[in-house]
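# Breakdown of the fold
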Amino acid sequence: DIAIPGITGVDSSDSEGDSSAPGRQVYTLEVLRSELDEFGQEFLLGKHAAYGDEQLCHLLTADGKALSYADGETQCSGTMDPASKTIAGKVHS
């Protein structure tokens, strides 16, 4: 088991950590479940949302706690805490 589904995180800061920048909105990331890909490798399915847009994403994990993903618009990296079911990290767009 690589993580506990239901872990969520929120970040409203930019890559410099400024959450008061004009136009910034709350960003959320939720771990939905773990799944197997076509090769039988386990991965986490997540959902990220900001600015009225929600998208599913494959989350990369390392050591059971480090978490990251990237798509055409957003890069996210952070650390999961399964005990409190939270993610702390940064969003880079």
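Before reading on, note that the structure itself is shown above.
All figures in this text were calculated on a predicted structure; none of them were measured in a lab.

## Quick notes on the environment of A66
Its place among the elements puts A66 in strand β5 (residues 66-70). We classify A66 as partly exposed; its relative accessible area is 28%. Distance from A66 to T79, taken between C-alpha atoms, is 4.5 Å for residues 13 residues apart in sequence. Apart from the residues lying within four places of it in its own chain, the contact partners of A66 are L60, T61 and G78.

## Some words on the pairing of strand β6 (residues 75-81)
Burial of the side chains of β6 is restricted to one face: C76, G78 and M80 are buried, whereas none of Q75, S77, T79 and D81 on the reverse face is. In this structure, β5 lies alongside β6, joined through 5 bridges in antiparallel fashion. If you follow Y69 over to β6, its bridge partner there is C76. Hairpin remark: β5 followed by β6, antiparallel, with 4 residues in the connecting loop. As paired strands, β6 and strand β7 (residues 86-92) are joined by 7 bridges and run antiparallel to one another. Across the sheet, the residue bridging to S77 is K90, located in β7. The turn linking β6 back onto β7 is made up of 4 residues, and K85 within it adopts a positive phi angle of 55°.

## Observations concerning the pairing of strand β4 (residues 53-62)
In this sheet, β4 lies alongside strand β3 (residues 42-50) in antiparallel orientation, the contact comprising 7 bridges. Counted as the bridge partner of L44 is L59 from β4. The turn linking β3 back onto β4 is made up of 2 residues, and Y51 within it adopts a positive phi angle of 55°. Two strands pair when backbone bridges link them, and β4 and β5 are joined in this way by 3 bridges, in the antiparallel orientation. For A62, the partnering residue across the bridge sits in β5 and is A66. In sequence, β4 turns back onto β5 through a hairpin of 3 residues, with D63 there showing a positive phi of about 55°.

## Some thoughts on the pattern of salt bridges
When the charged atoms of two side chains with opposite charge come close together, those side chains can pair. What the rule picks out here adds up to 3 salt bridges. Close ionic contact of E30 with K47 constitutes a salt bridge, the shortest N to O distance being 4.0 Å. Of the two residues, E30 sits in strand β2 (residues 27-36) while K47 sits in strand β3, which places them 17 residues apart along the sequence. Judged by relative accessible area, which is 28%, E30 ranks as partly exposed. Since its relative accessible area comes to 25%, K47 is described here as partly exposed. Between K47 and E54 there is a salt bridge, and its shortest N-O distance comes to 3.9 Å. It is possible to trace a salt-bridge network through shared partners that takes in E30, K47 and E54.

Cut-offs applied
Residues numbered from 1 in each chain as written. Predicted model: local features only at pLDDT ≥ 70, side-chain atom pairs only at ≥ 80, totals over all residues. Heavy atoms only, no water. Helix = DSSP H or I, 4+ residues; strand = E, 2+ residues; numbered from the N terminus. Buried < 20%, exposed > 50% of the residue type's maximum accessible area, 1.4 Å probe, protein only. Contact = heavy atoms within 4.5 Å. Pairing = 2+ DSSP bridges. Salt bridge = Lys/Arg side-chain N within 4 Å of Asp/Glu carboxyl O.

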